[in-house]
Amino acid sequence: MTDKIRFDPGELFLAVEKPSRYTGGEVNAIRKEDGDCRLRFALAFPDAYEVGMSHLGLQILYSVLNGLPQVCCERCYAPWPDMEALLRKRRFPLRSLESQRPLAAFDIVGFSLQYELSYTNVLMMLELGGIPLRREERSEGHPLIIAGGPSAFNPAPMSAFIDAFVIGEGEEAVAEIAAAVMAVRGRGGTRREQIEALAGIAGVYVPAVHTGSERIRKRIITDLDGWRLPLCPVVPLMKTVHDRITLEIARGCTRGCRFCQAGMVWRPVRERTPAVLEEMAEAMLRATGHDEISLLSLSSGDYTLIEPLIETLMNRYYARRVALALPSLRAETLTPKLIDAIRRVRKTSFTLAPEAGTQRLRDVINKGNREEELLTTTERVFAAGWKAVKLYFMLGLPGEREEDLEGIVDLSFKALRTARNRGQVTVSLSTFVPKPHTPFQWQRQIGREETAARQELFRHRLKNRNVTVKWHDARMSLLEVILSRGWEEAGRLIETAFRLGCRFDGWSDRFRYDLWEEAFRRTGIDPVASLRERPLTERFPWERIETGISREFLLSETLRAERGEPTPDCRTGECSRCGVCDHRVIRVITAPADSPVGTLTSAHARGGDGPGMEKTYRLRFTKRGPARFLSHIELSTALGRAIILSGVSFVYSQGFHPHPKISFAGATAVGMESEGEFADIRIQDPGEQPDTLMARINAALPAGVSITAMHELPPHAFSLAEMITGFDYDLILPDDSDRAEFERIEDAIRIFRGADSFGVIRESKGKPVIKDIRPFVVALAMDHSSRRIQLSAHFGSEGTIRPAELLSGALGITPEVLHRTRIVKTGVRLADFAGEGDRKIFSPEVP
Ligand code: SF4
């Protein structure tokens with residue numbers, strides 16, 4: 001890929017679905033000046049923007065790295081297939097969001113490996129970024145490719161492509177990596193010397209250097225209270241998987257579920273104290289304008305002070321319409337108080353994970369929760385008003401018998417009965433995957449046929465109109481075990497699958513198992529062999545990685561599983577000597593039971609709360625630069641958030657899901673710039689001058705959106721929709737348009753103006769319809785010197801014209817030229833309610 005070809009991001013963004021995946025310019029995104037950068041660090045997430053932006057780890061590392069002087073950290077997400085195809089066609093390299101810099105122009109590219117099924121996307125991003133896939137093919141001038149995240153706990157399958165793996169928690173390690181690389185570069189050291197320097201950092205595994213029997217010990221942040229990050233997370237412009245603040249209340253889990261890799265590798269439990277969490281929540285709300293806080297940990301209900309913490313946060317933020325979410329709740333931790341707290345803000349589906357159908361099998365896997373607890377919880381949840389409960393189970397768990405499958409059926413119906421004919425149960429079934437570093441790492445995984453047979457059973461046995469059965473694709477589980485337990489040779493498989501076209505393998509609608517089957521054939525890797533049970537003497541590729549948990553502990557847990565013996569939680573029971581803690585620096589840290597809760601006094605939390613005098617304001621704002629690629633919904637969300645961030649309190653609609661009172665003067669298309677958009681907002685009397693408010697709102701708006709006027713409306717003022725009669729546009733042709741093209745367009749304009757009607761094909765409710773656009777064109781002219789077509793359009797109850805359909809339908813502009821044509825709304829016309837003729841309320845000349 002070359003960057004010498006003229007790069008026009010607009011041309012790319014206009015040609016793909018969801019351009020705001022690529023534009024950057026979000027609130028809290030950091031773009032440092034070139035002069036401030038000694039080290040350029042790209043954080044690369046091998047999945048779509050909307051997935052990556054919901055990931056806390058990336059936000060934390062972004063804060064850490066940009067907090068370092070002379071380090072510029074930017075982000076890059078996997079381009080969706082439409083964008084990949086376009087980049088390849090136009091021979092443009094993949095770029096970062098912040099500075100639109102090609103990935104190859106960074107000093108370090110750091111991948112987050114969250115899931116084995118994103119490995120082909122790593123290769124896609126490297127290739128599109130102009131970086132050789134294999135580490136031995138890279139030379140001076142190529143960035144260092146590093147990777148971290150849960151999948152790095154078995155680095156073997158990706159070791160052909162990654163120069164260095166960060167094992168464990170990365171906050172401290174990334175800063176040390178940045179410092180080491182800057183030091184070597186500062187004295188003119190080579191790429192090889194930089195890689196060797198990385199090998200000297202604790203927790204960093206470098207395949208080219210660590211070729212002996214060295215073992216790499218994972219990094220641990222021993223005291224989470226010392227790391228209050230991120231306080232200013234980047235706020236996505238588009239809708240993402242989790243559009244909310246993630247408040248990490250604890251790391252690690254000591255419940256000891258024997259199938260759970262996260263529960264093993266992220267030990268020990270470390271909780272933040274409530275006072276720190278309250279400060280973090282406050283700071284993040286102030287910095288983002290989000291309206292939901294998610295309390296994150298592997299098991300939120302286990303947090304020592306969960307009830308007082310939730311009560312405090314609810315009391316503080318409920319009036320500000322900030323919701324609380326508690327994912328990862330275990331049934332036995334759900335007290336009536338917690339259910340009530342969650343009920344106050346959300347009543348969508350409620351998820352519980354019994355994992356196995358009988359108590360015997362739950363003891364084998366050390367899941368711990370009992371049927372009575374689960375059913376008491378579902379009863380409380382349904383009684384509290386929830387209409388649906390989701391139950392997660394795994395198929396093919398070690399020691400599974402037929403009675404355990406019957407147990408799933410039995411438990412599902414018992415849960416349904418607790419709804420007393422007022423609810424639904426969704427049973428979600430996935431195939432057990434034996435994961436590295438767990439007591440079940442030696443176990444076999446059932447094959448596709450065995451999964452299919454079990455699915456067939458449930459299809460018949462769970463037939464009920466109030467029960468829905470969903471299952472995870474067994475072929476994905478098969479691939480997951482091949483890649484998670486794989487040796488270095490799995491790298492050939494990943495590369496072959498990538499070359500065959502595999503991308504986004506974790507997305508069921510993108511997953512091409514036929515291509516993976518072809519990759520198995522070409523590499524001679526037998527997928528079925530990967531399922532087999534391993535003898536306890538077998539050595540694994542991940543044994544060079546030390547999670548701290550001893551092999552002896554894993555083996556003893558395997559034997560206890562065979563005997564169905566539970567192992568107690570060391571948070572409440574005694575230490576089971578898993579090996580992670582040194583009991584001095586590394587140890588279980590729980591928030592002391594007498595920790596102060598609710599001590600924060602916050603102006604943001606109280607300011608403007610409660611009923612006051614209501615006022616309506618009309619805002620005029622721009623949509624320029626990267627903001628022109630925002631959809632109407634994205635733009636309105638950004639404006640709403642900025643208003644909340646400024647400390648102004650909206651007036652909300654009534655109902656179960658209250659919405660802030662904000663209305664717009666129609667939607668401006670994706671790609672169109674505007675010098676004057678309008679919105680009316682109804683807010684509690686802010687008691688401040690509009691200029692002061694405007695400045696505060698502008699400070700929280702994404703790049704390209706800026707309020708240029710704000711005034712209070714008298715009571716009973718006409719709405720924007722009632723007043724607007726038309727728009728003015730400048731349609732600016734690309735600078736490589738020639739005279740012949742201008743003359744052709746001029747002829748087309750002449751014909752159009754002379755016509756009484758002009759039909760174009762428009763899509764309406766998914767069907768093509770012919771629309772006469774001629775009545776909507778008030779004036780149309782061409783100005784050669786500025787390459788612009790000036791359009792005045794009528795707007796009314798019968799609709800208006802879309803500038804793009806005039807350009808392509810009436811003036812014969814090709815799609816390629818259309819994508820490079822700037823469409824700028826320059827003016828808005830208002831109705832003549834005073835008998836003075838239509839008034840232009842905004843134009844560049846009339847501010
Ligand atoms: S060493 Fe003991 S206290 Fe520490 S995590 Fe392991 S079992 Fe728990």
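Placed above this text is the structure.
Attention in this report is confined to the structure presented alongside it. Remember, it's a predicted structure, so these values are computed and weren't measured experimentally.

Calculation criteria
- Residues numbered from 1 in each chain as written.
- Predicted model: local features only at pLDDT ≥ 70, side-chain atom pairs only at ≥ 80, totals over all residues.
- Heavy atoms only, no water.
- Near = heavy atom within 4 Å.
- Nonpolar A, V, L, I, M, F, W, Y, C, P; charged D, E, K, R; others polar.
- Disulfide = S-S within 2.5 Å.
- Helix = DSSP H or I, 4+ residues; strand = E, 2+ residues; numbered from the N terminus.
- Buried < 20%, exposed > 50% of the residue type's maximum accessible area, 1.4 Å probe, protein only.
- Axes fitted to C-alpha atoms, helices over the stretch in contact; angles between N-to-C directions.
- Parallel < 35°, antiparallel > 145°, perpendicular 65-115°, else oblique.
- Left-handed = near helix turned anticlockwise from the far one by under 90°.
- Contact = heavy atoms within 4.5 Å.
- 1 Å grid on protein atoms, 1.4 Å probe; cavity = no way out; pocket = protein on both sides within 12 Å on 5 of 7 lines; lining within 4 Å.
- Points joined across faces, edges and corners; volume = space filled by probe spheres on them.

**Some points on the site of the ligand**
Next, step 1: Close to the ligand lie 13 residues; C570, C575, S576, C578 and C581 are nearest.
Next, step 2: Broken down by class, the residue content of the shell around the ligand amounts to 7 nonpolar, 4 polar and 2 charged.

**Here's the deal with the state of the cysteines**
Next, step 1: With the rule as written, the count across this model stands at 1 disulfide.
Next, step 2: Paired by a disulfide, C37 and C72 hold their sulfur atoms 1.7 Å apart. Classification of the bridge connecting C37 and C72 rests on its S-S torsion, roughly -85 degrees, and on that basis the disulfide is left-handed. Separated by 35 residues along the polypeptide, C37 in the loop between α1 (9-14) and β1 (39-45) and C72 in strand β2 (residues 71-77) bring together distant segments of the chain.
Next, step 3: Residue C37 is classed as buried on the basis of its relative accessible area of 17%.

**Some remarks on the packing of helix α9 (residues 274-288) against helix α10 (residues 306-317)**
Next, step 1: Their axes nearest at 11 Å, the elements α9 and α10 cross at an angle of 30 degrees. Considering the angle they form, α9 stands roughly parallel to α10. Crossing of α9 over α10 shows right-handed handedness. Judged by residue contacts, P274, L277, E278, A281, E282 and L285 of α9 engage L309, T312, L313, R316 and Y317 from α10.
Next, step 2: For the contact of α9 with α10, the residue count by class is 7 nonpolar, 1 polar and 3 charged.

**Focus: empty space enclosed by the protein**
Next, step 1: Under the definition given, this model contains 9 cavities of 30 Å³ or more.
Next, step 2: Approximately 160 Å³ is the volume found for the largest cavity.
Next, step 3: For the largest cavity, the lining is made up of 17 residues, of which M53, Q59, P233, R244 and T246 are closest to its centre.
Next, step 4: Residue composition of the lining of the largest cavity, by class: 8 nonpolar, 7 polar and 2 charged.
Next, step 5: Counted as a void, the second largest cavity has a volume near 130 Å³.
Next, step 6: Lining the second largest cavity are 15 residues, with Y22, M83, L94, R95 and Q100 positioned closest to its centre.
Next, step 7: A per-class count over the lining of the second largest cavity returns 11 nonpolar, 2 polar and 2 charged.

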